[in-house]
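Overview (structure and organization)
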Amino acid sequence: MSGIPVRTLVLGLGTFAVGTDAYVVAGFLPAMARSLEVSESTAGQSATVFAVAYAVLSPVLATFTARVPRRALLTTALVVLALANLGSALAPSYPVLMVTRVLAAAGAAAFTPNAGAVAASMAAPGQRARALAVVVGGLTVATALGVPLGNLADRTLNWRVALGLVAALCALCAAGVIAVLPGLPGGPSVPLRTRLGTLRRPGVVAVLPLTTLGMMASYGLYAYAVPLLHALGATPESEMWLLFLYGAGAFASNLVAGSAADRYGPVRVLSAGYAALALTLGAFAWATGMGPHALPVAALLMAAWGASTWFQTPAQQLRLISAAPQETAVVVGLNGSALYLGIALGTALGGLLLPVGAPVALGVSAALAAGCLLYLAATRRSAETGQLSACEMGKNRL
């Protein structure tokens, strides 16, 4: 961490808080369902609502807050997150919880993309990638630590206290942003029509659906990770370290995916990753019901699941940036919306399939991962054609 400005670290801590807020429900889903007197499948739809709201609100908020000074925007977003999590912690009923999850999604959608942009703008030209890695790394670390810590807080305290701690972390980050971030003006406003108009580019329209389909396959069932681990014979004592192994796999995969995409090309990385995901989820479906002696298998599967979920974002972003190099910020934002749409659809599908049985839910997700490979093969030529057209447009502008 030496050499990294404190203000960049504060922004990274903010994205850690946002990521923990987004993922932490998976760590205490059964307890929350019991407390609110709903099924686990129903309780998991709180993740669906969060993801749908994020996907819809991200481009809208980016448009309407473009001219707001950055420090004020980031601070307000974190305060909204803190209040939303406090509301979730105190929610007396399931409908109230759902309302607070929409509010939390609004705060997350306002904070995450702007935190990355601010970190890059404050860094020296040769250190911008590093600054972005720190900020985006907060989300990855939240995947590795946020869910198992939420599971630990639930077991030692309760799920409401866990969400209260997330609210406190968001408030602390808001204070940190006020203390260390300089006054930065807003940027030029990009109309919503222009943002959505990027979808008409052949390369973008060929690449973007894969982000949604890939997250449906890989992340949709993660909100139900604890019930799935129970199907593998996991005990309450083993849940936390199994969830940590998922996060460790995700963290390691995110570290190497970007450089691998640069070296071998994003299509090769995506092909290998989706094949690994299909095999992992298929093995997971086969292993359910094996009982306590399946725990070593569960450990390997959780690490592989995390790795084969979070490899895809850097490669997809690289493909989109190549398809629209003059509109990098717009396509990265659209990719974020597509990602959360995939989480929403996958979580909704998982909620429908889980009551049928864990093997069925996992088998369908494995089939979706295989579908990603087919989609990638079917659209590869269209995506590459769109990227070449974008390069020609860039040359003409020069």
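Residues numbered from 1 in each chain as written. Predicted model: local features only at pLDDT ≥ 70, side-chain atom pairs only at ≥ 80, totals over all residues. Heavy atoms only, no water.

With an unreviewed UniProt entry as reference, the protein is termed Putative MFS family arabinose efflux permease, source organism Nonomuraea rubra.

1. Things to note about the overall build of the protein
Along the backbone of the protein there are 16 helices and zero strands. For 398 residues, the compact-globule formula gives about 21 Å, and the C-alpha radius of gyration of the protein, at 20 Å, lands near that figure. C-alpha atoms of the protein, sized along the principal axes, occupy 65 × 50 × 40 Å. Each of the 398 residues in the protein was classed as buried or not, and the buried ones make up 55%. Within the protein, residue pairs in contact and separated by at least 24 positions form 87% of the contacts whose partners lie at least 6 positions apart. With an accessible surface of roughly 16100 Å², the protein has 70% of that area assigned to carbon and sulfur atoms. Counting 21 positive and 10 negative side-chain charges, the protein places the averaged centre of each group 15 Å from the other. (Helix = DSSP H or I, 4+ residues; strand = E, 2+ residues; numbered from the N terminus. Rg over C-alpha atoms; globule rule 2.2 N^0.38 Å. Buried < 20%, exposed > 50% of the residue type's maximum accessible area, 1.4 Å probe, protein only. Contact = heavy atoms within 4.5 Å. Areas by Shrake-Rupley, 256 points an atom, 1.4 Å probe, with all protein chains shown as cover. Lys, Arg positive; Asp, Glu negative; His and termini not counted. Charge placed at Lys NZ, Arg CZ, Asp CG, Glu CD.)

2. Some details on the domain arrangement of the protein
Looking at the protein, the domain boundaries give domain 1 (1-189) and domain 2 (190-397). Relative placement of domain 1 and domain 2: their C-alpha centres are 21 Å apart. In this assembly, 34 residues from domain 1 lie in contact with 34 residues from domain 2. Between domain 1 and domain 2 lies a buried interface of about 2800 Å² when both sides are counted; carbon and sulfur atoms form 68% of it. (Domains from an automatic or database assignment. Buried area = accessible area lost by both parts, 1.4 Å probe.)

3. Observations regarding the pattern of salt bridges
Summed over the entire model, instances satisfying the criterion amount to one salt bridge. Among the salt bridges present, the one from Arg101 reaches Asp21, with a minimum N-O distance of 3.0 Å. One end of the pair, Arg101, is in helix α5 (residues 94-122); the other, Asp21, is in helix α1 (residues 6-23), and 80 residues separate them in sequence. The residues Arg101 and Asp21 share a single accessibility class, namely buried. (Salt bridge = Lys/Arg side-chain N within 4 Å of Asp/Glu carboxyl O.)

4. A word on a nonpolar patch on the surface
Residues Leu145, Leu149, Leu152 and Phe244 make up a contiguous nonpolar surface patch of roughly 310 Å² in combined accessible area. With three residues, the top contributor of residues to the nonpolar patch is helix α6 (residues 128-156). As for its placement among the helices and strands, Leu145 is situated in helix α6. Judged by its relative accessible area of 33%, Leu145 is partly exposed. (Patch = residues over 30% accessible without salt bridge, like charges linked within 9 Å, V, L, I, M, F, W, Y side chains within 5 Å.)

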